[in-house]
Amino acid sequence: FIQISTDAFQMTIDLLGGDIVEANLRKYPVDVDRPDTPFELLNNSNGRRYIAQSGVIGRSGKDLDAEAGRPLYRADKHEYRMTGDRLEVVLRYEGANDLAVKKIFHFVKGDHLVEVSYEITNNMSEERWVGAAFSQLKRQGFPDPSTGGFTSATTFLGAAYWRPDEKFNKLDFDDIQEDAEKRVQSLDEKIRGGWIGVIQHYFLTAWIPSGHDLNHYYAKYLANKDEYIVGLTSPTVSVEPGETRKINGTALYVGPKLQDRLADIADGLELSVDYGILFFISSLLFTILKTIYGFVGNWGWAIVLLTVLIKVAFYVPSAMSYRSMANIRRVQPELLRLREVHSEDKQKLSQEMMKLYQKEKINPLGGCLPILLQMPVFIALYWALLETVELRHAEFIFWIDDLSSMDPYFVLPLLMGASMFVQTALNPTPPDPMQAKVMKFMPVIFTLFFLFFPSGLVLYWLTNNILSIAQQWYITKKIEQENA
């Protein structure tokens, strides 16, 4: 093994095959309490194997036509450390078949992209060498280590790849396994250019081929090793006797899902920040959030200010909703009276209620429709906050030192629950007793639900609730004064 140290990585390469078997992200600690311990994205431990393999396969389909498994490379030293802006690590292999290969890793300061290229020298006297470069990721089926709590069920863990007609395609590990059991390969097609990788919460590993060659993309599952394999093979090249030829291999991205950087690397790679079907709204909200952060320098306050902007944008539909609920609350005594008078005749009760609504010029659906208009934005913001790696280990104020993890003292969820209780008190009491009981328990249910949510998400809901309470209280008081 050889060790490579840059400002972005602490990496291990296995000389048997020249595979990257360990990659620690030095700028991303494993957790807040261990700031000097980098997050381990790639590793070769038993049961948690996740490595990046690459090489050159010959005419026989074997890696460099090696007879006894993978080729054994050699390096000039056991440890490489970046001292300037770039670092080049060269591995050398000389086969028994007079084939000499250089496998070259290129590292750039501050970047999580590693370029891999090859230089092949054919020392055979008469025979032409024909082969191709391959690049693949091999991962066992262990859970996502970059998420926790109840949020682990809401983020995607699996493979993803690009194709011209659809720039972001997901392959669930379970689907790959099920296809393998049916003796079907989940992915087996030729794609020009593109990329393929494995995505998880906050982080991504992806192979990106150079140029726009027609590459063979594949995905499969090895049941005996519990290993998922996704990768690509480049077009074949030939090296004449006595000739030396360079092969541009592929680039490997191993790091955080930073949208701007991923967009620069490959078309559609930024879509690995998986916002779901509302990605266009989530991307816009994240852009605004990032712009605000550029001014305030704190992601927590950026969330608060973004919530204020959203509330201002939806002030008019929110006002319609609160005005409708305030009017229903104003006629609540008459609605209860009608319910008592016509308790045995549901049809008559409905008719009398509609007459009352028409007389008072109240739209009973007025409180629901404006909220439905806002739901796509709220859902999109939820995913934007959940998927934003910039919030990982981001401090807010006081005890909140990680907006991506739960509040350790449950203060924010309890405040959020209290704000929901106030909101419920401002809303008209549902005429149905069972529905009224459910509404009373909603703040408790939501509080329990949000206890283990990332504090950044809870902060958003709390801020939104406080702003809603202020707007609803103002409108309710105004309507009561107008009808006093």
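In what follows, the structure referred to is the one given above.
Keep in mind the model is a prediction, meaning the values are calculated, not measured.

A few words now on the pairing of strand E10 (residues 129–140). Counting buried positions over the 12 residues of E10 gives 11, a clear majority of the element. Where strand E5 (residues 50–57) meets E10, 8 bridges bridge the pair, whose relative direction is antiparallel. By the bridge assignment, Val56 is partnered in E10 with Ala133. Relative to strand E18 (residues 237–239), E10 runs antiparallel, the two sharing 3 bridges. Residue pairing across strands places Val130 opposite Ser238, the latter belonging to E18.

Over its 15 residues, helix H4 (residues 299–313) extends 21 Å from the first C-alpha to the last, a length consistent with the 21 Å expected when each residue adds 1.5 Å. All buried positions along H4 are accounted for by Trp299, Gly300, Ala302, Ile303, Val304, Leu306, Thr307, Ile310 and Lys311. Among the residues of H4, the N-terminal cap falls to Asn298, whose side-chain oxygen and the backbone nitrogen of Gly300 are separated by 2.8 Å.

For the structure shown, the criterion picks out 16 salt bridges. Here Glu227 makes a salt bridge to Lys138, at a shortest N to O gap of 4.0 Å. Of this pair, Glu227 sits in strand E17 (residues 227–233) while Lys138 is found in strand E10, placing the two residues 89 residues apart along the sequence. By relative accessible area, Lys138 is classed as buried at 11%.

Next up on the list: the environment of Trp473. Mapped onto the elements, Trp473 comes out in helix H11 (residues 455–482). Residue classification places Trp473 among the partly exposed residues on the basis of a relative accessible area of 48%. Separated by 46 residues in the primary sequence, Trp473 and Asn427 have C-alpha atoms spaced 9.9 Å apart.

Below, the discussion takes up helix H1 (residues 173–181). N-cap assignment for H1: the residue whose side-chain oxygen lies 2.8 Å from the backbone N of Asp174 is Asp172. A positive phi of about 60 degrees marks Arg183, the residue just after H1.

What follows is about the packing of aromatic side chains. Within this structure, the stated rule accounts for 20 aromatic pairs. On the numbers, 4.7 Å between centres and 40 degrees between planes, the contact of Tyr221 with Tyr228 is tilted. Exposure remark for Tyr221: the relative accessible area of 13% places this residue in the buried category. By relative accessible area, Tyr228 is classed as buried at 5%. Between Phe450 and Trp461, the ring centres sit 6.0 Å apart and the planes meet at 80 degrees, which makes this aromatic pair edge-to-face. Residue Phe450 is located in helix H10 (residues 433–450), and its partner Trp461 is located in helix H11; the two are separated by 11 residues in the primary sequence. Grouping aromatic residues by their ring pairs yields a cluster made of Phe378, Tyr382, Trp383, Phe446, Phe449, Phe450, Phe453, Tyr460 and Trp461. Lying across the ring of Phe142, Arg139 places its NZ or CZ 3.8 Å from the centre. Over the ring of Phe156 we find Lys170; its NZ or CZ atom is 4.7 Å from the centre of that ring.

Adjacent strands of a sheet form backbone hydrogen bonds with each other and so pair up, either parallel or antiparallel. The sheet built from 8 strands is open, its strands ordered E7-E8-E9-E19-E15-E14-E11-E12 with antiparallel pairing. Only two strands of the sheet have a single neighbouring strand rather than two, namely strand E7 (86–94) and strand E12 (166–172). Strand after strand, the sheet turns through a mean of 20 degrees between neighbouring axes, direction not considered. In the sheet, strand E15 (residues 203–209) pairs with strand E19 (residues 244–256) via 7 bridges, with the strands oriented antiparallel. Residue pairing in the sheet places Pro209 in a bridge with Thr250 of E19. Against the sheet, H1 makes contact with strand E11 (158–163), E12 and strand E14 (196–199), and its axis sits at roughly 70 degrees relative to E12, the strand it touches most.

Below, the discussion takes up the pairing of E12. Across 5 bridges, the pairing between E11 and E12 is antiparallel. When the bridges of E12 are listed, Ala160 appears paired with Lys170. Hairpin remark: E11 followed by E12, antiparallel, with 2 residues in the connecting loop.

About the criteria used
Residues numbered from 1 in each chain as written. Predicted model: local features only at pLDDT ≥ 70, side-chain atom pairs only at ≥ 80, totals over all residues. Heavy atoms only, no water. Buried < 20%, exposed > 50% of the residue type's maximum accessible area, 1.4 Å probe, protein only. Helix = DSSP H or I, 4+ residues; strand = E, 2+ residues; numbered from the N terminus. Pairing = 2+ DSSP bridges. Expected span 1.5 Å × (residues − 1). Polar contact = N/O pair within 3.5 Å; in protein donor to acceptor, adjacent residues only side chain to side chain. Salt bridge = Lys/Arg side-chain N within 4 Å of Asp/Glu carboxyl O. Phe/Tyr/Trp six-rings, centres within 6.5 Å; stacked < 30°, edge-to-face > 60°. Lys NZ or Arg CZ within 6 Å of the ring centre and 35° of its normal. Axes fitted to C-alpha atoms, helices over the stretch in contact; angles between N-to-C directions. Contact = heavy atoms within 4.5 Å.

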